[in-house]
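Okay, here's what each chain looks like letter by letter:
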Amino acid sequence: MHQLLFHRRRPFELWGFKDKDIGHHLVLLVIMLVLAVVFLTVSYSRLMQFTIGVIAAGLYVGWGIVHHTLEGDLHVKNVIEYVSIALLGVVILGGILL
């Protein structure tokens, strides 16, 4: 009886992501989907689209820092990786739009 009352459920996993990872990544997905809609909405202005891209890159870096802080594994190499990916995206977007 004791085991039935205090039984811990197994953590949910989906493609290697655990419960809280899924929540964190859903937040990132929602942020990027909202920004994608805004990006498409301002298709009349390449400068506005570029600005949305820079905002998305900044939010991506911020999300990465928060995510790794909550996971307890924030290191300089993680921040450098997120900043590098964001800068690459901004450079590519700038090359296309500007």
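Keep in mind that what you see is a predicted model, and the values were worked out from it rather than measured.

(A) Quick look at the side chain of H67. Locating H67 in the fold gives a position in helix α3 (residues 46–71). A relative accessible area of 8% means that H67 is categorised as buried.

(B) Structural detail: the nonpolar core. Ranked by size, the top nonpolar core spans 10 residues in total: L28, F50, A57, V61, W63, Y82, A86, V90, L93 and L97. With 5 residues, the single largest contributor to this core is helix α4 (residues 76–97). In this structure, L93 is in contact with F39, Q49, F50, G53 and L98, ignoring residues within four places of it in sequence.

(C) Up close: a nonpolar patch on the surface. Where nonpolar side chains cluster on the molecular surface, the patch consists of L26, L29 and L33 and spans about 280 Å² of accessible area. Along the chain, the position of L33 falls in helix α2 (residues 19–41).

(D) The arrangement of α3 in detail. Between its first and last C-alpha, α3 extends 37 Å over 26 residues, near the 38 Å set by a 1.5 Å rise per residue. Among the residues making up α3, those that are buried are Q49, F50, I52, G53, A56, A57, V61, W63, G64, H67 and H68. Trailing α3 by a residue or two, G72 shows a phi angle of about 80 degrees, which is positive.

(E) Quick look at the packing of α3 against α4. Two elements in contact, α3 and α4, have axes whose closest approach is 9 Å; the angle formed by their N-to-C orientations is 170 degrees. Taken together, the axes of α3 and α4 are roughly antiparallel relative to one another. Judged by residue contacts, R46, Q49, F50, G53, V54, A57, Y60, V61, W63, G64, I65 and H68 of α3 engage N78, V79, Y82, V83, I85, A86, V90, L93, G94, I96 and L97 from α4.

(F) How the structure looks around the confidence of the model for the chain. When the pLDDT values of the chain are averaged, the result is 88; 81% of them are 70 or greater. Averaged pLDDT values over the elements of the chain bottom out at 51 in helix α1 (residues 2–5) and peak at 97 in α4.

(G) Structural detail: the side chain of Q49. Within the secondary structure layout, Q49 lies in helix α3. Apart from the residues lying within four places of it in its own chain, the contact partners of Q49 are F39, V42, S43, L93 and L97.

(H) Focus on the packing of aromatic side chains. One pass over the full model with this rule turns up 2 aromatic pairs. Between Y60 and Y82, the aromatic rings sit 5.1 Å apart at their centres with planes inclined by 55 degrees, giving tilted as the arrangement. You can see Y60 sitting in helix α3 and its partner Y82 sitting in helix α4, a full 22 residues away along the chain. Overall, the relative accessible area of 23% leaves Y60 in the partly exposed class. Given the relative accessible area of 12%, Y82 is considered buried.

About the criteria used
- Residues numbered from 1 in each chain as written.
- Predicted model: local features only at pLDDT ≥ 70, side-chain atom pairs only at ≥ 80, totals over all residues.
- Heavy atoms only, no water.
- Helix = DSSP H or I, 4+ residues; strand = E, 2+ residues; numbered from the N terminus.
- Buried < 20%, exposed > 50% of the residue type's maximum accessible area, 1.4 Å probe, protein only.
- Core = buried A, V, L, I, M, F, W, Y, C linked by side-chain atoms within 4.5 Å.
- Contact = heavy atoms within 4.5 Å.
- Patch = residues over 30% accessible without salt bridge, like charges linked within 9 Å, V, L, I, M, F, W, Y side chains within 5 Å.
- Areas by Shrake-Rupley, 256 points an atom, 1.4 Å probe, with all protein chains shown as cover.
- Salt bridge = Lys/Arg side-chain N within 4 Å of Asp/Glu carboxyl O.
- Expected span 1.5 Å × (residues − 1).
- Axes fitted to C-alpha atoms, helices over the stretch in contact; angles between N-to-C directions.
- Parallel < 35°, antiparallel > 145°, perpendicular 65-115°, else oblique.
- pLDDT = per-residue confidence, 0-100.
- Phe/Tyr/Trp six-rings, centres within 6.5 Å; stacked < 30°, edge-to-face > 60°.

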